[in-house]
Amino acid sequence: MSKEDVVILDYLNYIKGYRYELFCISKLYQTPQCVIFPNRTLEECQDMNRKKNSDDQYKDEVLQALNMRFEPPESKNRWDSTLYVINSGEELPLEEIANTLFNKQAPPPNKSTLNKPLSDTTFLHDIDKTTQEILTHILSLQNNQLASNEISVPGASEKVKLIRPVNLAELRRWRQQFLTYVKMHPPSDASKVSNMFVEYINNLIL
């Protein structure tokens, strides 16, 4: 990926955490991005699925499960912007999309997307331990009904904005996504990981 390439990721992208990860990659390379959402009802998707070759069809229970888990993109989320919602029968606004990709100013990188060389050989162990401690701390406060809207976590000056309850499955998924990203784009200092993870959680907990 580079500023000169156009990457079309034609995939489900139904989890907002994954779209946020893609947004971070765009910021890392300082290149604009957009989200194109073909807005269809479950019934329309089932009908299109039935018209496919049998080898390419999704099982109906899989479609139902995807529909239940789907987190629609929202233009207010910066990782979903610029958002183009395409309803049935509508054409792609090709000129607008091209203008977004080629003329829009790219978002600047921030501390959680800067790619710096890894110098500490124990880094992977450190981030695994650090993120697990934060996850455990959040769950412990929730389970003991001690969580407030903003909570402090070990090793971070930033606070987790706990605007709603989060469950173990969510936190585990977010932690795994974060670990995957940080392993690809490690910071120069492992001490920054706690604040980076808190920032990552705060972006996904909306």
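Quick note: structure is the one above.
Scope of this entry: the structure provided in the associated data block. Treat the numbers as computed from the prediction; the structure is a model and nothing was measured. (Residues numbered from 1 in each chain as written. Predicted model: local features only at pLDDT ≥ 70, side-chain atom pairs only at ≥ 80, totals over all residues. Heavy atoms only, no water.)

## Some remarks on the overall build of the protein chain
Right, so step 1: The helix and strand inventory of the protein chain stands at 7 helices and 4 strands.
Right, so step 2: Its helices and strands taken in sequence order, the protein chain reads α-β-α-α-β-α-α-β-β-α-α from the N to the C terminus.
Right, so step 3: Taken along the three principal axes of its C-alpha coordinates, the protein chain extends 50 × 40 × 35 Å.
Right, so step 4: For the protein chain, the residues scored as buried account for 37% of the 206 residues in total.
Right, so step 5: Taking as baseline every contact in the protein chain between residues at least 6 positions apart, the subset at least 24 positions apart corresponds to 71%.
Right, so step 6: Split by element, the accessible area of the protein chain, about 12,700 Å² in all, is 51% carbon and sulfur.
Right, so step 7: Each charge class in the protein chain was averaged separately, 24 positive and 27 negative side chains, and the resulting centres sit 6 Å apart. (Helix = DSSP H or I, 4+ residues; strand = E, 2+ residues; numbered from the N terminus. Buried < 20%, exposed > 50% of the residue type's maximum accessible area, 1.4 Å probe, protein only. Contact = heavy atoms within 4.5 Å. Areas by Shrake-Rupley, 256 points an atom, 1.4 Å probe, with all protein chains shown as cover. Lys, Arg positive; Asp, Glu negative; His and termini not counted. Charge placed at Lys NZ, Arg CZ, Asp CG, Glu CD.)

## A few points about the pattern of salt bridges
Right, so step 1: Evaluated as defined, the whole model comprises 6 salt bridges.
Right, so step 2: Lys51 is the salt-bridge partner of Asp47, the closest N and O atoms lying 3.3 Å from each other.
Right, so step 3: Residue Asp128 is joined to Arg175 by a salt bridge in which the shortest nitrogen-to-oxygen separation is 2.9 Å. A residue pair is termed long-range when its members are at least 10 positions apart, and Asp128 in helix α5 (residues 123-143) and Arg175 in helix α6 (residues 168-184) qualify at 47 residues. (Salt bridge = Lys/Arg side-chain N within 4 Å of Asp/Glu carboxyl O.)

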